[in-house]
Amino acid sequence: MIREVAVVQAIENDHLEVSTELQTGCGGCVQQSTCGAGIISKAFSDRRATFRVARPDGQFTVGETVELLMPEQALTQASLIIYGVPILTLLAVAIMTQGLLGLSEGVSIVTALVGFAASFVALKRWYQMRDLQVSRLLQVRQLH
């Protein structure tokens, strides 16, 4: 299970709204003051994510610290989809436009890039539709 600490922002009958601070791996790195990624992460250090999760049994209060749990397999699958689909789309469109349709190299490159961008838009919409399903994967556990 992947664990993340969150703070309860709002309480509803069947849901909790929780927020967590988005962190980078730069905090523990000895090169953080000289590395470009470390410098950028400091510039955008106040980043928070808010989630709506199913409310488990128990009494919750606004401001309470809770732990969010997510199965590792769910994160792995999402990562493969988010990184794999755009790359496969780019390659498939390039092969189809140049190899099968015999279009020029310039047209193949442009259409492959359009397909690549379209795959990001499609994935964003798909994940928005799946948002309820993804939030069901998150489990909330009270910290005492």
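The rules behind each value
Numbering of residues starts from 1 in each chain and follows the order in which that chain's sequence is written. The predicted nature of this model means local features are confined to residues of pLDDT at least 70 and side-chain atom pairs, given and counted, to a pLDDT of 80 or more, with totals for whole chains, interfaces and linings taken over all residues. Each side-chain value is worked out from all heavy atoms of the structure, with water and hydrogens disregarded. The term salt bridge refers to a side-chain nitrogen of Lys or Arg lying within 4 Å of a carboxyl oxygen of Asp or Glu. Starting at the N terminus, helices and strands are each numbered in turn, a helix being any DSSP run of H or I of at least four residues and a strand any DSSP run of E of at least two. What we call a nonpolar core is a set of buried Ala, Val, Leu, Ile, Met, Phe, Trp, Tyr and Cys residues that are connected through their side-chain atoms within 4.5 Å. With a 1.4 Å probe rolled over the protein chains alone, any residue whose accessible area is under 20% of its type maximum counts as buried; one over 50% counts as exposed, and the rest are partly exposed. Two strands are said to pair when DSSP picks up at least two bridges between them. Every axis in this analysis is a line fitted to C-alpha atoms, fitted for helices over the stretch in contact. Angles between the N-to-C directions lie between 0 and 180 degrees. Here is the rule: rings of Phe, Tyr and Trp (six-membered ring for Trp) pair when centre to centre is within 6.5 Å. Planes less than 30 degrees apart are stacked, more than 60 are edge-to-face, and the remainder are tilted. Here, two residues are considered to be in contact whenever any of their heavy atoms come within 4.5 Å of each other.

Asker: Residues and numbers for the pattern of salt bridges, please.
Answerer: The final tally for this structure, using the stated rule, is two salt bridges. A salt bridge links Arg52 to Glu12, with the shortest nitrogen-to-oxygen separation between them at 3.2 Å. Residue Arg52 is located in strand β3 (residues 48-54), and its partner Glu12 is located in the loop between β1 (2-11) and β2 (15-21); the two are separated by 40 residues in the primary sequence. Its salt-bridge partner being Glu67, residue Arg141 comes within 2.4 Å of it at the nearest N-O pair. Here Glu67 lies in strand β4 (residues 65-70) and Arg141 lies in strand β5 (residues 139-142), a separation of 74 residues in the sequence.

Asker: How would you explain the nonpolar core if you had to name every residue and give the values?
Answerer: Counting 12 residues, the largest nonpolar core is built from Ala6, Val8, Leu16, Val18, Val53, Phe60, Val66, Leu68, Met70, Ala74, Leu138 and Val140. Contributing elements (two or more residues each) for this core: β1, β2 and β4. Counting residues per element, this core draws most heavily on β4, at three residues.

Asker: Please give an account of the pairing of β2 that cites residues and values.
Answerer: The buried count for β2 comes to five of seven residues, which makes it a mostly enclosed element. Here β1 runs beside β2; their pairing, made up of four bridges, is antiparallel. Counted as the bridge partner of Ala10 is Glu17 from β2. Counted between consecutive antiparallel strands, the loop separating β1 from β2 contains three residues.

Asker: Describe in detail the sheet that holds β1, supporting the description with residues and values.
Answerer: Overall, antiparallel pairing links the five strands, which are arranged β3-β2-β1-β4-β5 in an open sheet. Of all the strands in the sheet, just β3 and β5 have a single pairing partner and so form its edges. Going across the sheet, the axis of each strand differs from the next one's by a mean of 40°, ignoring polarity. Pairing between β2 and β3: seven bridges, direction antiparallel. For Leu16, the partnering residue across the bridge sits in β3 and is Val53.

Asker: Describe the packing of aromatic side chains, naming the residues involved and giving the relevant values.
Answerer: Across all of its chains, the model carries one aromatic pair by this definition. Between Phe116 and Phe120, the ring centres sit 5.1 Å apart and the planes meet at 85°, which makes this aromatic pair edge-to-face. Taken together, the positions of Phe116 and Phe120, both in helix α3 (residues 105-129) and four residues apart, correspond to about one turn of that helix. Given the relative accessible area of 40%, Phe120 is considered partly exposed.

Asker: How would you sum up the side chain of Ser108? Please name residues and give values.
Answerer: Tracing the chain through its elements places Ser108 in helix α3. Non-local contacts of Ser108, meaning those with residues more than four positions away in its chain, are made with Ala94, Thr97, Gln98 and Leu103.

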